[in-house]
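Below are the chains, spelled out letter by letter.
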Amino acid sequence: MRRMGISVEGATEREFVSRVLRPHFERYAVSVTGIDLRGNVSLDKITGVLPALFGSYDLVATFYDFYGFKGRGQRSVGELEGAIAALADDSSQRRFFPYLQQYEFGALLFGAPEQTVEWLGGKKQDMVVMQEAVRRCGSPEMVNDNVATSPSHRLKALFPRYDKKLHGPEIIELAGLAAVRAQCPPLNAWLARLEQLGTRA
């Protein structure tokens, strides 16, 4: 079984890796572990952790939020992903698979509105609001990064009890990874690329 370390932004993403991605990738003979950067993600911080990751795992990936990425400047998601990829030395490039979530982890819940409303005890109207946000933005992942309308702010306004670390991974686990992937093409493409590295059982 190949070992994959996924460098993640924080506890929410680490739980997502543990609860959702780990069992999924076991079917591909890949053992996945989430390594928590504890926030404040930047290119410098990533540079500091990569040597240990490459020394400990056969494959290395990243799962960070574009929203709040330190020093991102005017770079797009694609440009910043490219900058992350360039941090690996030549010998490690072929086993490095960066992914940057646009805009943040909470956007994935907009790909599972029914389960979100059910799990958080919301109302039918709350689901309509979530669906309308997706319609206006074009996809769950594009629900935007304005300080007042980011996914996490929208979810907290609809569901005051929402705790992203606790509820986010639980809801995606409830909805099923396949349902969320169907609504989130960039996430799906990254996961498909990782699946190709294993052997389907």
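The structure this text deals with has already been given above.
Now for a look at the structure at hand. (Residues numbered from 1 in each chain as written. Predicted model: local features only at pLDDT ≥ 70, side-chain atom pairs only at ≥ 80, totals over all residues. Heavy atoms only, no water.)

Our focus in this paragraph is the overall build of the protein chain. Of the regular secondary structure elements, the protein chain holds nine helices and five strands. Ordered by position from N to C terminus, the α and β elements of the protein chain give β-α-β-α-β-α-β-β-α-α-α-α-α-α. By the compact-globule yardstick of 17 Å for 201 residues, the protein chain fits well, its C-alpha radius of gyration being 17 Å. Expressed along its principal axes, the backbone C-alpha trace of the protein chain runs to roughly 50 × 40 × 25 Å. Classification of the 201 residues of the protein chain by burial places 48% in the buried group. Considering only contacts in the protein chain between residues 6 or more positions apart, those separated by 24 or more positions represent 74%. A total accessible area of about 9,500 Å² is found for the protein chain, and carbon and sulfur atoms account for 49% of it. Put simply, the protein chain has 25 plus and 23 minus side-chain charges, and the middle of one group is 1 Å from the middle of the other. (Helix = DSSP H or I, 4+ residues; strand = E, 2+ residues; numbered from the N terminus. Rg over C-alpha atoms; globule rule 2.2 N^0.38 Å. Buried < 20%, exposed > 50% of the residue type's maximum accessible area, 1.4 Å probe, protein only. Contact = heavy atoms within 4.5 Å. Areas by Shrake-Rupley, 256 points an atom, 1.4 Å probe, with all protein chains shown as cover. Lys, Arg positive; Asp, Glu negative; His and termini not counted. Charge placed at Lys NZ, Arg CZ, Asp CG, Glu CD.)

Scanning the model with the defined rule gives one cavity of 30 Å³ or more in all. The computed volume of the largest cavity comes to approximately 30 Å³. Residues that form the lining of the largest cavity fall into these classes: two nonpolar, two polar and four charged. (1 Å grid on protein atoms, 1.4 Å probe; cavity = no way out; pocket = protein on both sides within 12 Å on 5 of 7 lines; lining within 4 Å. Points joined across faces, edges and corners; volume = space filled by probe spheres on them. Nonpolar A, V, L, I, M, F, W, Y, C, P; charged D, E, K, R; others polar.)

Attention shifts here to the nonpolar core. Core analysis: the largest hydrophobic core is formed by 41 residues, its most contacted members being Ile-6, Leu-21, Phe-63, Leu-187 and Trp-190. Discounting residues that sit within four places of it in the chain, Trp-190 has contacts with Ile-6, Leu-21, Ala-61, Thr-62, Phe-63, Phe-97, Pro-98 and Tyr-99. Counting residues in each nonpolar core, the second largest holds 20 residues, with Leu-37, Leu-50, Val-77 and Tyr-103 among its members. (Core = buried A, V, L, I, M, F, W, Y, C linked by side-chain atoms within 4.5 Å.)

Attention now moves to unusual backbone geometry. Following Gln-102, the chain continues to Tyr-103 via a peptide bond in cis, the omega torsion being 5°. In the Ramachandran plot, Asn-40 falls in the positive-phi region, its phi being about 50° despite a non-glycine side chain. Examined against the element boundaries, Asn-40 turns out to sit in the loop between β2 (30-36) and α2 (43-56).

Before going further, it helps to examine the state of the cysteines. Tallied over the entire structure, the rule returns zero disulfides. Cysteine Cys-137 shares no disulfide, and the gap to the nearest cysteine sulfur, in Cys-184, comes to 12 Å. Given a relative accessible area of 0%, Cys-184 falls into the buried group. (Disulfide = S-S within 2.5 Å.)

With that settled, the discussion passes to the pattern of salt bridges. All told, the structure shown has seven salt bridges when counted by the stated rule. Two residues, Glu-173 and Arg-19, come together in a salt bridge whose shortest N-O distance is 2.7 Å. Placement of Glu-173 in helix α7 (residues 164-175) and of Arg-19 in helix α1 (residues 11-26) is noted, with a sequence separation of 154 residues between them. Glu-173 gets classed as partly exposed once you look at its relative accessible area, which sits at 39%. One salt bridge in this structure joins Arg-135 and Glu-132, with 2.7 Å as the shortest N-O distance. Here Arg-135 pairs with Glu-132, and both are found in helix α5 (residues 124-137), just three residues apart, close to one helical turn. (Salt bridge = Lys/Arg side-chain N within 4 Å of Asp/Glu carboxyl O.)

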